[in-house]
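Read off the chains here:
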Amino acid sequence: MSNQDLAPKVKDLIVRRLKLDIDPSTIQNDAPLFGEGLGLDSIDALELVLGLEQEFGIKVEDEEVGVKAFASVDALCDFIEQKKIA
Amino acid sequence: MKAPAELPHAYPFRFVETVLEPRDDAFSRGRVLVAVSANGRAAAGEAWQSPLLLAEAIAQSALLLEGGDPEIGRKGFLAGVESFEAMRPPRAGETLEVRVRLAGRFGAIVKFDGEVFCGAEPLARGSVLVREGGSPPPR
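First, a word on scope: everything that follows refers to the structure included in this document. These numbers come from a predicted model, not from an experiment. (Residues numbered from 1 in each chain as written. Chains lettered and ligands numbered in written order. Predicted model: local features only at pLDDT ≥ 70, side-chain atom pairs only at ≥ 80, totals over all residues.)

Attention shifts here to the overall build of chain A. From N to C terminus, chain A includes four helices and zero strands. Ordered by position from the N terminus, the helices and strands of chain A form the series α-α-α-α. Relative to the compact-globule value of 12 Å for 86 residues, chain A shows a C-alpha radius of gyration of 12 Å, a close match. Here chain A holds 86 residues, and the buried ones make up 28% of them. Expressed as a percentage of contacts within chain A between residues at least 6 apart in sequence, the contacts between residues at least 24 apart total 53%. (Helix = DSSP H or I, 4+ residues; strand = E, 2+ residues; numbered from the N terminus. Rg over C-alpha atoms; globule rule 2.2 N^0.38 Å. Buried ≥ 20, exposed ≤ 12 C-beta atoms within 10 Å, placed from the backbone. Contact = placed C-beta atoms within 7 Å.)

Here it is in structure tokens:
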């Protein structure tokens, strides 16, 4: 599955799990999720970790890996793809 | 097993007493006994007025069971409450049982699912977010 196919699912996961009041399609693929951009915080990061595990069957081993994976929607799609291959 | 001194909380804000079932390695479960005080404050209706304090009891139970490393217990604190539902506040003299399960962790933030029972009666259920460490979470 390409990032183009995966990105809408990832955006839907972000909006749904974090109860964001936005249209998922308005999230830019390369926009930062934390700090600037969506402005997510460390508590949101944990919710995304749980969402990835429950909905994609993917575990985020540690914080260092997670910080890179959660950089943007594109980064998260790449991370999911890599985990599926591994 | 009596609750050790891992928690910094003291009366009237210490809600856990005795560890009934220590956590397993994966923290798939753990149970803590809470004896609701029947002292003067409770008798005057001043204790446990907010059912949200049951969420604090879940957090204290989680930190106590997370234990092992006293540093965690001493420095951990409640950082958030999610999907919390309280059926009724506890009454003075009741003995409550808090059941806790680790839901997940990322960095210093840890999420626990918990339930509070009085006998077979459920009093509250929900998830708490606990931050391990002494400083506020970075944004």
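Picking up after the structure, the text goes on.
Right, let's get into the packing of helix H1 (residues 3–17) of chain A against helix H2 (residues 42–56) of chain A. A pair of packed helices is captured by two measures, namely the crossing angle of their axes and the spacing between those axes. Residues and elements named next belong to chain A. Put simply, H1 and H2 touch, their axes get as near as 10 Å, and they point 125° apart. Taken together, the axis directions place H1 and H2 in an arrangement best described as oblique. Considering how the two elements wind past one another, H1 and H2 form a crossing that is right-handed. Contact residues: H1 offers Leu13, Ile14 and Arg17, while H2 offers Glu47, Leu48, Gly51 and Glu55. For the contact of H1 with H2, the per-class residue count stands at three nonpolar, one polar and three charged. (Axes fitted to C-alpha atoms, helices over the stretch in contact; angles between N-to-C directions. Parallel < 35°, antiparallel > 145°, perpendicular 65-115°, else oblique. Left-handed = near helix turned anticlockwise from the far one by under 90°. Nonpolar A, V, L, I, M, F, W, Y, C, P; charged D, E, K, R; others polar.)

To continue, consider the interface of chain B and chain A. With 13 residues of chain B at the contact, the number on the chain A side is 10 residues. Contributions of two or more residues to the side of chain B that touches chain A are made by strand S3 (77–86), strand S4 (95–106) and strand S5 (109–118) of chain B. A per-class count over the side of chain B that touches chain A returns seven nonpolar, three polar and three charged.

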